[in-house]
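Fold and contact review
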Amino acid sequence: MGKIIVMDHPLIQHKLSILRDVKTPSKEFRALISEIANLICYDATRDLPLEEVEVETPICRTKAKMLSGKKVAVVPILRAGLGMVDGMLTLLPSAKVGHIGLYRDPDTLQPVEYYCKLPADIEQREVFVVDPMLATGGSAIDAISQIKKRGPKHIKFLGIIAAPEGLDALSKAHPDVDIIVASLDEKLNDHGYIVPGLGDAGDRIFGTK
Ligand code: PRP
Ligand code: URA
């Protein structure tokens, strides 16, 4: 069974409260999404393997630890997932980036795929799928199914706000996937929006409404 982590770090909680505020403009909203993604990434990478190396300090030679060259890929779910990419790449500058384009049909709430471009060597990589919102879970489930067809080493889903319904659906559909989010909210409303949530993440990042 994959791990489910709801991060309770005070910095994340503080930034999330500003993010939720309907008065927060797109410029600040984008910056906050990126900062929260960076903090989530810090936690999500805590089990990357290390290897011992020798380093010459100004004082002496010593044994030290470095990442053991494990390859990673970041895959945002378009559009809103794009907002998390910079924050991830600040900590993982050598990661490759794939893209999966999905939108939710407003009537059926079912994900509709329109784009998929993944790193050619994804089967050698640990994959971080990023999307700020996990609502019904349909988009994340579909994106992860697409990625799994290419046989990556392991997948983690990193989100900012999850609804209980989405968390439950994702962990049942992909029990091997670790899920890390900054908040588990109350519920979904009749239109499939997370309550209290933050509204439409894509529209708020890109200022399209
Ligand atoms: C949003 C969000 C997720 C999806 C979550 O995308 O970014 O991808 O909804 O909902 P779900 O868990 O019920 O599938 P949206 O469909 O609004 O597309 P956009 O990012 O292009 O605006
Ligand atoms: N997508 C969003 O952007 N927000 C929600 O609350 C649900 C799905």
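Residues numbered from 1 in each chain as written. Chains lettered and ligands numbered in written order. Predicted model: local features only at pLDDT ≥ 70, side-chain atom pairs only at ≥ 80, totals over all residues. Heavy atoms only, no water.

It is worth spelling out the packing of helix H4 (residues 138-148) against helix H5 (residues 164-173) at this point. For the pair H4 and H5, interaxial distance at closest approach is 9 Å and the crossing angle is 20°. The angle between the axes of H4 and H5 places the two elements in the roughly parallel class. The hand of the H4/H5 crossing is right-handed. Seen from H4, the contacting residues are Ala140, Ile141 and Ile144; seen from H5, they are Ala169, Leu170 and Ala173. Looking at the contact of H4 with H5 residue by residue, the class counts come to 6 nonpolar, no polar and no charged. (Axes fitted to C-alpha atoms, helices over the stretch in contact; angles between N-to-C directions. Helix = DSSP H or I, 4+ residues; strand = E, 2+ residues; numbered from the N terminus. Parallel < 35°, antiparallel > 145°, perpendicular 65-115°, else oblique. Left-handed = near helix turned anticlockwise from the far one by under 90°. Contact = heavy atoms within 4.5 Å. Nonpolar A, V, L, I, M, F, W, Y, C, P; charged D, E, K, R; others polar.)

Lining the immediate environment of ligand 2, one finds Arg104, Met133, Ala135, Gly192, Tyr193, Ile194, Gly199, Asp200 and Ala201. Ala201 has a polar backbone atom sitting 2.8 Å from an oxygen atom of ligand 2. Compared with its free state, where it exposes 240 Å², ligand 2 has 88% of that area covered by protein. Residues belonging to the shell around ligand 2 are distributed by class as follows: 5 nonpolar, 2 polar and 2 charged. (Near = heavy atom within 4 Å. Polar contact = N/O pair within 3.5 Å; in protein donor to acceptor, adjacent residues only side chain to side chain. Areas by Shrake-Rupley, 256 points an atom, 1.4 Å probe, with all protein chains shown as cover.)

The next thing to look at is the site of ligand 1. Around ligand 1 sit 15 residues in total, of which Arg104, Asp131, Thr136, Gly137 and Ser139 are the nearest. One nitrogen or oxygen atom from the main chain of Gly137 is found 2.8 Å from an oxygen atom belonging to ligand 1. Relative to its free-state accessible area of 500 Å², ligand 1 is covered by the protein chains to the extent of 90%. For the shell around ligand 1, the elements supplying multiple residues, two or more each, are strand E6 (99-104), strand E9 (133-134) and H4. Considering only residue class, the shell around ligand 1 consists of 6 nonpolar, 5 polar and 4 charged.

Moving on: the side chain of Asp121. Checked against the element boundaries, Asp121 lands in the loop between strand E7 (111-117) and strand E8 (126-130). Exposure remark for Asp121: the relative accessible area of 14% places this residue in the buried category. Within the local environment of Asp121, its side chain forms a polar contact with the side chain of Arg125, the two groups lying 2.9 Å apart. Beyond its immediate stretch of four places on either side in the chain, Asp121 contacts Lys71 and Lys96. (Buried < 20%, exposed > 50% of the residue type's maximum accessible area, 1.4 Å probe, protein only.)

Moving on, we come to unusual backbone geometry. For the bond from Leu78 to Arg79, the omega torsion is -5°, close enough to zero to count as cis. With respect to the helices, strands and loops of the structure, Arg79 is situated in the loop between strand E4 (72-78) and helix H3 (85-91). Along the chain, Val195 connects to Pro196 via a cis peptide bond; the corresponding omega equals 0°. Within the fold, Pro196 resides in the loop between strand E15 (194-195) and helix H6 (201-206). Here the phi dihedral of Leu109 falls at roughly 65°; this positive angle occurs in a residue that is not glycine.

Honestly, that's just the spatial picture; any functional story needs more than this.
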